[in-house]
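Close look at the chain arrangement
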Amino acid sequence: MLEITIAILDGLPDPVLLVNSRRAVVAANRAARELFVAPMVGNDLAVALRHPAALEAVDAVVRGATVREAEVTLPAPGSPSYRLIAAAVRGDEGRGADWPAAVVTLQDLTAARLTERMRADFIANASHELRSPLASLVGFIETLKGPAKEDAEARERFLDIMHTEATRMARLIDDLLSLSRVEIEERVPPRDAVDLAGVIRGTIDLLSMRAAERNVALELDCPAGVPSVLGDADQLAQVFRNLIENAIRYGRAGGRVAVSLRAVERIPERGVPGVAASVADEGEGIPPDALPRLTERFFRVDKARSKALGSTGLGLAIVKHIVGRHRGRLAIESKLGQGSRFTVFIPAASPR
Ligand SMILES: Nc1ncnc2c1ncn2[C@@H]1O[C@H](COP(=O)(O)OP(=O)(O)O)[C@@H](O)[C@H]1O
Ligand SMILES: [Mg+2]
């Protein structure tokens with residue numbers, strides 16, 4: 001009976017131990033044997049797990065409690081922490097010393113902790129990003145109410161700065177809302193057949209003024225026969241607005257931004273047919289060590305410069321999540337001094 005129980009427990013991903021009424025280990029599944037290298041079966045649980053709170057929880061269950069929990073940090077590399085759950089095994093009366101009195105499970109909390117940590121960091125960063133334009137607004141309001149009260153010229157100048165700062169805050173909030181919306185929807189794949197060329201044409205029209213301001217030529221190359229993609233048109237428009245905006249902003253003034261589409265047999269690492277859409281600029285490029293961090297929230301290569309250009313640092317994070325929801329890929333290539341190319345691969349809508 002115990003053998004089949006152990007065979008079943010071996011299939012469980014979490015470490016599981018059975019202990020008898022004297023707290024000796026009577027069985028340990030594979031995950032537990034891998035976690036505690038020392039031999040356990042036949043020994044007091046304290047030999048493998050020298051942790052007062054954990055032993056107290058197990059003792060309480062052995063003495064008659066139904067279930068007890070404890071949090072355990074193991075002295076292994078990286079100090080992994082676990083939630084230990086000790087639960088009584090009923091029906092052990094008169095079965096002898098080898099019969100399990102408690103089942104002890106350990107749940108790894110490392111991943112959950114990491115997620116918690118990332119959440120906390122994100123909130124701290126977002127608050128900090130919102131705090132600085134707000135602080136500047138408050139400062140200018142105070143100046144306008146006091147020292148600059150009668151100075152018409154200063155007033156105009158300060159109001160312009162305040163307008164810029166308020167606009168930056170609004171954009172930051174819009175991007176934060178977009179990001180959380182995209183995250184919420186990420187597990188639900190989009191289902192519409194979308195004409196990507198049409199979406200991109202619309203985006204180019206929308207950004208033509210901005211391109212003209214920097215004297216940038218926006219070009220689109222879309223051969224016939226590019227299939228529709230499986231997508232969400234609004235989100236895909238958001239992807240290309242971000243990429244083309246970046247290309248205009250970080251590209252060379254007076255240069256060219258080339259957008260091109262082509263059909264691909266297989267999307268890299270996905271294997272399904274799709275469309276590759278790339279946005280290439282002739283800007284100064286991105287240093288190789290910054291490439292892997294580009295899609296992190298609030299990451300900017302040159303923080304001061306990007307901020308002066310009105311950036312939020314969230315554009316590429318939003319792009320990454322939208323592409324992920326589309327089961328697509330984002331590839332970034334860049335040569336310092338020559339330019340950057342962002343390519344988005346999106347699976348084709350299956351022909352019906
Ligand atoms: N086409 C590009 N050329 C050079 N650097 C770029 C380009 N696109 C993005 N970057 C860099 O990546 C950073 C993050 O981009 P993004 O997430 O869109 O945020 P934002 O544009 O709001 O700063 C930018 O601040 C910039 O440093
Ligand atoms: Mg951007």
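Quantities reported herein were computed from a predicted structural model and do not represent experimental measurements.

Here we come to the sheet that holds strand 11 (residues 329–335). Sheet architecture is open: 5 strands sit in the order 7-9-10-12-11, paired in mixed fashion. Two strands bound the open sheet, and with one partner strand each, they are strand 7 (217–221) and strand 11. Neighbour-to-neighbour, the strand axes of the sheet open up by a mean angle of 15°, direction not taken into account. Bridging between strand 7 and strand 9 (residues 256–264) involves 5 bridges; their strand directions are parallel. Following the sheet pairing, L220 is matched in strand 9 by V259. Lying over the sheet, helix 7 (residues 196–213) contacts strand 7, strand 9, strand 10 (274–280) and strand 12 (339–347), oriented at roughly 170° with respect to strand 7. Each of strand 9, strand 10 and strand 12 is contacted by helix 8 (residues 233–250), which is oriented at about 145° to strand 9, the strand it contacts most.

On to the nonpolar core. In this structure, L196, F240, L243, I244, V257 and V279 are the most contacted members of the largest nonpolar core, which totals 38 residues. Elements represented by at least two residues in this core include exactly helix 6 (152–185), helix 7, strand 8 (229–231), helix 8, strand 9, strand 10, helix 10 (315–325) and strand 12. Of the residues forming this core, the biggest block, 9 residues, is contributed by helix 8. Contact partners of V279, with chain neighbours within four places excluded, come to L243, I244, A247, V257, V259 and F342. Core analysis: the next-biggest nonpolar cluster, separate from the first, contains 26 residues, L18, V19, V26 and A32 among them.

Turning our attention to the packing of helix 5 (residues 110–145) against helix 6. The contact between helix 5 and helix 6 brings their axes to 10 Å, and the two run at 160°. By the angle class used here, helix 5 and helix 6 are roughly antiparallel. Pair helix 5 / helix 6 crosses with left-handed handedness. The segment helix 5 lies against helix 6, with A126, E129, L130, P133, L134, S136, L137, F140, T143 and L144 engaging R155, F158, I161, M162, E165, A166, R168, M169, L172 and L176. Per-class residue counts for the contact of helix 5 with helix 6 are 14 nonpolar, 2 polar and 4 charged.

So, about the site of ligand 1. The immediate surroundings of ligand 1 are formed by 21 residues, with R300, V301, S311, G315 and L316 found nearest. If you list the elements that add at least two residues to the shell around ligand 1, you get helix 8 and helix 10. With 4 residues, the single largest contributor to the shell around ligand 1 is helix 8. Across the shell around ligand 1, the residue classes break down as 9 nonpolar, 9 polar and 3 charged.

Turning next to the domain arrangement of the protein chain. As assigned here, the protein chain comprises domain 1 (2–108), domain 2 (117–185) and domain 3 (189–352). With centres defined by C-alpha atoms, the gap from domain 2 to domain 3 works out at 27 Å. In this assembly, 13 residues from domain 2 lie in contact with 11 residues from domain 3. Those elements giving two or more residues to the side of domain 2 that touches domain 3 turn out to be helix 5 and helix 6. When the residues that make up the side of domain 2 that touches domain 3 are grouped by side-chain class, the tally is 5 nonpolar, 2 polar and 6 charged.

A word on the environment of G198. Residue placement: G198 occurs in helix 7. Sequence separation of G198 and A237 is 39 residues, and the distance between their C-alpha atoms is 9.6 Å.

Let us look at the sheet that holds strand 3 (residues 67–73). Sheet architecture is open: 5 strands sit in the order 2-1-5-4-3, paired in antiparallel fashion. The open sheet has two edge strands with one neighbour each: strand 2 (25–28) and strand 3. Taking each pair of neighbouring strands and ignoring which way they run, the sheet shows an average axis angle of 20°. Note: strand 4 (residues 81–88) against strand 5 (residues 102–108), 7 bridges, orientation antiparallel. Counted as the bridge partner of Y82 is D108 from strand 5.

Conventions and cut-offs
Each chain has its residues counted from 1, running along the sequence as written. Chains and ligands are labelled sequentially in the order written, the chains with letters from A and the ligands with numbers from 1. Confidence filtering applies because this is a predicted model: local features only for residues at pLDDT of at least 70, side-chain atom pairs given and counted only at 80 or more, and all residues used for totals across whole chains, interfaces and linings. A pair of strands is labelled paired if DSSP reports no fewer than 2 bridges between them. Under the scheme used here, helices are H or I runs from DSSP no shorter than 4 residues and strands are E runs no shorter than 2 residues, and both carry numbers assigned from the N terminus. Angular values range over 0 to 180 degrees, each being the angle between N-to-C directions of two axes fitted as lines to C-alpha atoms, with helices fitted over their stretch in contact. Residues are defined as contacting one another if the C-beta atoms placed from their backbone atoms lie within 7 Å. What we call a nonpolar core is a set of buried Ala, Val, Leu, Ile, Met, Phe, Trp, Tyr and Cys residues whose membership is set by joining through C-beta atoms within 7 Å. Counting other C-beta atoms within 10 Å of a residue's own tells you its class, since 20 or more makes it buried, 12 or fewer makes it exposed, and anything in between is partly exposed; those C-beta atoms are placed from the backbone. Oblique is the label for every angle not falling under 35 degrees (roughly parallel), over 145 degrees (roughly antiparallel), or within 65 to 115 degrees (roughly perpendicular). Handedness of each helix crossing follows the sense of rotation of the near helix against the far helix: counterclockwise by less than a right angle gives left-handed, clockwise gives right-handed. For this classification, the nonpolar set comprises Ala, Val, Leu, Ile, Met, Phe, Trp, Tyr, Cys and Pro, the charged set comprises Asp, Glu, Lys and Arg, and every other residue, Gly included, is treated as polar. For each residue, a C-beta atom is placed from the backbone, and the residue is labelled near a molecule or strand when this atom is within 6 Å of it. Start and end positions for the domains come from either an automated domain assignment or a database one.

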